[in-house]
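Spelled out from the first residue to the last, the chains are:
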Amino acid sequence: HGRDREAAVDAGKLWARLDEKLAGKLYVAGQHFTMGDVPVGCFVHRWYALPIERPELKNVKAWYERLKTRPAYAKHVMAPLT
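Here's what I pulled together on the structure shown here. (Residues numbered from 1 in each chain as written. Predicted model: local features only at pLDDT ≥ 70, side-chain atom pairs only at ≥ 80, totals over all residues. Heavy atoms only, no water.)

1. Examining the overall build of the protein chain
In terms of regular secondary structure, the protein chain is built from four helices and zero strands. Scanning the protein chain from its N terminus toward the C terminus, one meets helices and strands in the order α-α-α-α. In terms of overall dimensions, the protein chain is globule-like: its C-alpha atoms have a radius of gyration of 13 Å, near the 12 Å expected for 82 residues. When the 82 residues of the protein chain are sorted by exposure, 27% land in the buried category. Restricting the contact set of the protein chain to residue pairs at least 6 apart, pairs at least 24 apart contribute 65%. Total accessible area on the protein chain is roughly 5700 Å²; 59% of this is exposed by carbon and sulfur atoms. A gap of 6 Å separates the mean positions of the 14 positive and 9 negative side-chain charges of the protein chain. (Helix = DSSP H or I, 4+ residues; strand = E, 2+ residues; numbered from the N terminus. Rg over C-alpha atoms; globule rule 2.2 N^0.38 Å. Buried < 20%, exposed > 50% of the residue type's maximum accessible area, 1.4 Å probe, protein only. Contact = heavy atoms within 4.5 Å. Areas by Shrake-Rupley, 256 points an atom, 1.4 Å probe, with all protein chains shown as cover. Lys, Arg positive; Asp, Glu negative; His and termini not counted. Charge placed at Lys NZ, Arg CZ, Asp CG, Glu CD.)

As structure tokens, then:
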């Protein structure tokens, strides 16, 4: 479990970099949804679906909440982890 915890901490540090970039923006490239949100959006869903301890990243969380309102995102990305 120590290695899993370490990996979660390392991933949290990477997500913190995105959190900084999202400050004042609605999406990764600015105020509009772009292709840049798609691949990162897939990973963020998995990040929030994992049963791990995460740092509080308010900008990433707000962006994820915006993504979840998009019908295509909900249909094609938000599948449960198996």
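2. Description of helix α1 (residues 2-22)
Spanning 21 residues, α1 covers 30 Å between terminal C-alpha atoms, matching the ideal 30 Å at 1.5 Å per step. For α1, the full list of buried residues reads Ala 8, Gly 12, Trp 15, Leu 18, Asp 19 and Leu 22. Looking down the long axis of α1, one finds its buried residues gathered within 115° of arc, a one-sided arrangement. Summarising the geometry of α1, the exposed residues directed more than 90 degrees from the buried face are Gly 2, Arg 3, Lys 13, Leu 14, Arg 17, Glu 20 and Lys 21. Elements in contact with the buried residues of α1: α2 (37-49) and α3 (58-68). Directly beyond the C-terminal end of α1, a positive phi value near 80° is found at Gly 24. (Expected span 1.5 Å × (residues − 1). Arc of directions from axis to C-beta.)

3. Describing the nonpolar core
Residues Trp 15, Val 44, Val 60 and Trp 63 are the most contacted members of the largest nonpolar core, which totals 14 residues. Among the secondary structure elements, those contributing two or more residues to this core are α1, α2 and α3. Sorting elements by how many residues they give to this core places α3 first, with four residues. Apart from residues no more than four positions distant in its own chain, Val 44 is found in contact with Trp 15, Val 60, Trp 63, Tyr 64, Leu 67 and Tyr 73. (Core = buried A, V, L, I, M, F, W, Y, C linked by side-chain atoms within 4.5 Å.)

4. Description of the packing of α2 against α3
Where α2 meets α3, the closest approach of the two axes is 10 Å, and the angle between their N-to-C directions is 105°. In terms of axis orientation, α2 runs roughly perpendicular to α3. Contacts between α2 and α3 involve Asp 37, Val 40, Gly 41, Val 44, His 45 and Tyr 48 on the former and, on the latter, Val 60, Lys 61, Trp 63, Tyr 64 and Leu 67. Across the contact of α2 with α3, the residue classes break down as seven nonpolar, two polar and two charged. (Axes fitted to C-alpha atoms, helices over the stretch in contact; angles between N-to-C directions. Parallel < 35°, antiparallel > 145°, perpendicular 65-115°, else oblique. Nonpolar A, V, L, I, M, F, W, Y, C, P; charged D, E, K, R; others polar.)

5. Some details on α2
The end-to-end C-alpha distance of α2, which contains 13 residues, comes to 18 Å, matching closely the 18 Å that a straight helix rising 1.5 Å per residue would cover. When we look at burial in α2, the residues that qualify are Asp 37, Gly 41, Val 44, His 45, Trp 47 and Tyr 48. For α2, the buried positions fall inside an angular range of 160° around the axis, keeping them on one side.

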